[in-house]
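Residues per chain are reported as follows:
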Amino acid sequence: MPAVRSPRPRGRRAARPSGDDREAAILGTLEQMLEQRPLSEISVDDLARGAGLSRPTFYFYFASKEAVLVRLFERAIASADPGLHQHAEALSANPERAWHDGIYAFFDALRPNRAVLLAGLGATAGNPELREMWSTFMAAWIDYTAGLITKERQRGAAPDTIPARDLATALNLMNERVVFASQGVEEPTLPERAALEALAHIWVASIYGSGSQTTLVPVSTT
């Protein structure tokens, strides 16, 4: 009886990238390219080529380069969700330090995604999805901050001056403007650390400062 030959071993084929791998490659490519140049100078062909894909394959996963940015932007701001930065208990022990550390923690969470955030903020005017995403993100921080200010007033640590939500809104909008200006190329600006220290000082002074309010006299324009 002839011997049965065992099948010859075949070389293993390299595993084909999955859909998740291809999507991740596109996201990673845009993230890297934004470190070097603005979104306006990046094309779909650049992203497809950088991810090792054809142009038609790119469009299977994303409708446009802006859609890739939206996904990256969403992921970036999720890292700074207010629910991840609770510091209410620390306020009673050392309010000044708690607010100072809270501001630093907020921007420490955003810093690794600096290029994506700047690109996303720069595109909000023309992209309703990005604009709504950022508005929702800011509203969550305003609500969170207003709640902390209210608690500080209720325990007698902070004076009851202007409405807590008004103060929280102004402070958070100031954060957005000052610190993101320090990350870009705008003038005038401040180095990041100086900007953060200035913001921490203003937050503490605004929340715990004197309860007296100055009455502003309107200036006549005639």
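See the structure above.
Another point: the overall build of the chain. Along its length, the chain carries 10 helices and zero strands. If you list the helices and strands of the chain from N to C, you get α-α-α-α-α-α-α-α-α-α. Looking at the chain as a whole, 38% of its 222 residues are labelled buried. The long-range share in the chain, meaning contacts at least 24 apart out of those at least 6 apart in sequence, stands at 68%. Per element, the accessible surface of the chain, about 13,700 Å² overall, is 54% carbon and sulfur.

Soluble, globular proteins show a tendency: their nonpolar side chains are buried together. By size, the foremost hydrophobic cluster in this structure holds 64 residues, and its most contacted members are L30, L34, V68, L69, F73, W99 and I207. Among the elements that line this core, the one with the most residues is helix 8 (residues 128–154), at 11 residues. Once you skip the residues sitting within four places of it in the chain, I207 turns out to touch W99, I149, A158, P159, L167 and L171.

Right, let's get into the pattern of salt bridges. For the structure on display, the rule yields 11 salt bridges. As a salt-bridge pair, R55 and D45 come within 2.8 Å of each other at their nearest N and O atoms. One end of the pair, R55, is in helix 3 (residues 55–61); the other, D45, is in helix 2 (residues 44–50), with 10 residues separating them in the sequence. One salt bridge in this structure joins R111 and D108, with 2.5 Å as the shortest N-O distance.

If you walk through the whole model with that rule in mind, you get 10 aromatic pairs. Plain terms: the ring middles of F60 and Y61 are 5.1 Å apart, the flat faces sit at 85° to each other, and that makes the pair edge-to-face. F60 sits in the exposed class, given a relative accessible area of 66%. Relative to F137, the ring of F106 lies with its centre 6.1 Å away and its plane at 20°, an arrangement referred to as stacked. Of this pair, F106 sits in helix 6 (residues 95–110) while F137 sits in helix 8, and the two are 31 residues apart along the sequence. Each of the two residues, F106 as well as F137, counts as buried. Among the aromatic side chains, those forming a connected cluster through ring pairs are F73, F106, F107, W134, F137, W141 and Y144.

Basis of the calculations
Residues numbered from 1 in each chain as written. Predicted model: local features only at pLDDT ≥ 70, side-chain atom pairs only at ≥ 80, totals over all residues. Heavy atoms only, no water. Helix = DSSP H or I, 4+ residues; strand = E, 2+ residues; numbered from the N terminus. Buried < 20%, exposed > 50% of the residue type's maximum accessible area, 1.4 Å probe, protein only. Contact = heavy atoms within 4.5 Å. Areas by Shrake-Rupley, 256 points an atom, 1.4 Å probe, with all protein chains shown as cover. Core = buried A, V, L, I, M, F, W, Y, C linked by side-chain atoms within 4.5 Å. Salt bridge = Lys/Arg side-chain N within 4 Å of Asp/Glu carboxyl O. Phe/Tyr/Trp six-rings, centres within 6.5 Å; stacked < 30°, edge-to-face > 60°.

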